[in-house]
Amino acid sequence: MAKRESGRLMLESEIPAFVDAVIEAGCDICAIGHDCYVLGDLEEMDAAADELDRIGEVFGDRDFLLLEIVAYLRSLGRYIEPGPSPGHWTENGKAH
């Protein structure tokens, strides 16, 4: 999956739509702690590579919204805490 520069910057208001699009692409997006997130595991991302590229083109650069995306994912319960056995985000009780 190559990162393309569209010149567009994602708006903070688009975070929910971005997360929904990634989920619809088949990726289990979740926050890791309070300052990182992953789109999904490697197999999911590989299977959805074309769709993730399209999502990147539609929403544009989102790197500067990292903490806002993490906060949104945490608000949905889609997060895990780093540690020796982090588990799965669905164990948080707010699985959406």
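This text follows the structure it describes.
Everything numeric here is computed off the predicted structure, so don't read it as measured data.

Description of the overall build of the protein
Helices and strands together make up the secondary structure of the protein, namely four helices and three strands. Taken from N to C terminus, the helices and strands of the protein fall in the order α-β-β-α-α-α-β. Looking at the protein as a whole, 38% of its 96 residues qualify as buried. Accessible surface, the protein as shown: approximately 5700 Å² in total, 55% of it carbon and sulfur.

A few points about helix α4 (residues 66-75)
The periodicity of an α-helix, 3.6 residues per turn, causes residues three or four positions apart to be oriented the same way. Where α4 is concerned, the buried positions are Ile69, Val70, Leu73 and Arg74. For α4, the arc enclosing every buried residue in end-on projection is 135°, short of the 170-degree limit, so these residues lie on one face. Tucked inside the fold, the buried residues of α4 contact α1 (15-24), β1 (30-32), β2 (36-38) and β3 (79-80). A positive backbone phi angle near 85° is found at glycine 77, which sits one or two residues after α4.

Considering the nonpolar core
Of all hydrophobic cores here, the largest spans 22 residues; its most connected members are Phe18, Val22, Ile29, Tyr37, Ile55 and Ile69. Among the secondary structure elements, those contributing two or more residues to this core are α1, α3 (49-59) and α4. Top element by residues in this core is α1. It accounts for five residues. If we skip the residues at most four places from it in the chain, isoleucine 69 touches Met10, Ile15, Phe18, Tyr37 and Arg62.

Focus on the pattern of salt bridges
Counted under the stated rule, the structure contains four salt bridges. Note that arginine 8 and glutamate 14 form a salt bridge whose closest N and O atoms lie 2.6 Å from each other. In this structure arginine 8 comes out as partly exposed when scored by relative accessible area, which is 29%. When the shortest N-O distance is used, the salt bridge between arginine 54 and glutamate 51 registers 2.7 Å. One end of the pair, arginine 54, and the other, glutamate 51, are both in helix α3, three residues apart, so they sit about a helical turn from each other. For arginine 54, a relative accessible area of 41% corresponds to the partly exposed category. For glutamate 51, a relative accessible area of 30% puts it in the partly exposed group.

Considering the packing of α1 against α4
Here α1 crosses α4 at 70°, and the two axes come no closer than 10 Å. With respect to each other, α1 and α4 are oriented roughly perpendicular. Along this stretch, α1 crosses α4, giving a crossing that reads as right-handed. Only Glu68, Ile69, Tyr72 and Leu73 of α4 make contact with α1, whose side of the interface consists of Ile15, Pro16, Phe18 and Val19. Considered class by class, the residues forming the contact of α1 with α4 number seven nonpolar, no polar and one charged.

Procedures and definitions
- Note on numbering: residues in each chain are counted from 1, in written sequence order.
- Residues qualify for local features only when their pLDDT is at least 70, as the model is predicted, and side-chain atom pairs are given and counted only at 80 or more; totals for whole chains, interfaces and linings, by contrast, use all residues.
- Heavy atoms throughout the structure, all of them, feed into the side-chain values; hydrogens and water do not.
- Secondary structure elements follow DSSP: runs of H or I of four or more residues count as helices, runs of E of two or more count as strands, with numbering from the N terminus.
- For the exposure calls, accessible area comes from a 1.4 Å probe over protein chains only, and a residue counts as buried if that area is under 20% of its type's maximum, exposed if over 50%, partly exposed in between.
- Here the accessible surface of atoms and residues is derived via Shrake-Rupley with a 1.4 Å probe, and residues count as covered only by protein chains that are part of the display.
- In this context, the arc is that of the directions from the helix axis out to the C-beta atoms.
- Should any heavy atoms of two residues lie within 4.5 Å, those residues are considered in contact.
- By nonpolar core we mean a set of buried residues, namely Ala, Val, Leu, Ile, Met, Phe, Trp, Tyr and Cys, connected to one another through side-chain atoms within 4.5 Å.
- The term salt bridge refers to a side-chain nitrogen of Lys or Arg lying within 4 Å of a carboxyl oxygen of Asp or Glu.
- Geometry is summarised by axes, namely lines fitted to C-alpha atoms with helices restricted to the contacting stretch, and by angles between N-to-C directions that run from 0 to 180 degrees.
- The labels follow the angle: roughly parallel below 35 degrees, roughly antiparallel above 145, roughly perpendicular from 65 to 115, and oblique for the rest.
- In this scheme, a crossing is called left-handed if the near helix is turned counterclockwise away from the far one by less than a right angle; it is called right-handed if the turn is clockwise.
- All amino acids are sorted into three groups, where Ala, Val, Leu, Ile, Met, Phe, Trp, Tyr, Cys and Pro are nonpolar, Asp, Glu, Lys and Arg are charged, and the leftover types, Gly among them, are polar.

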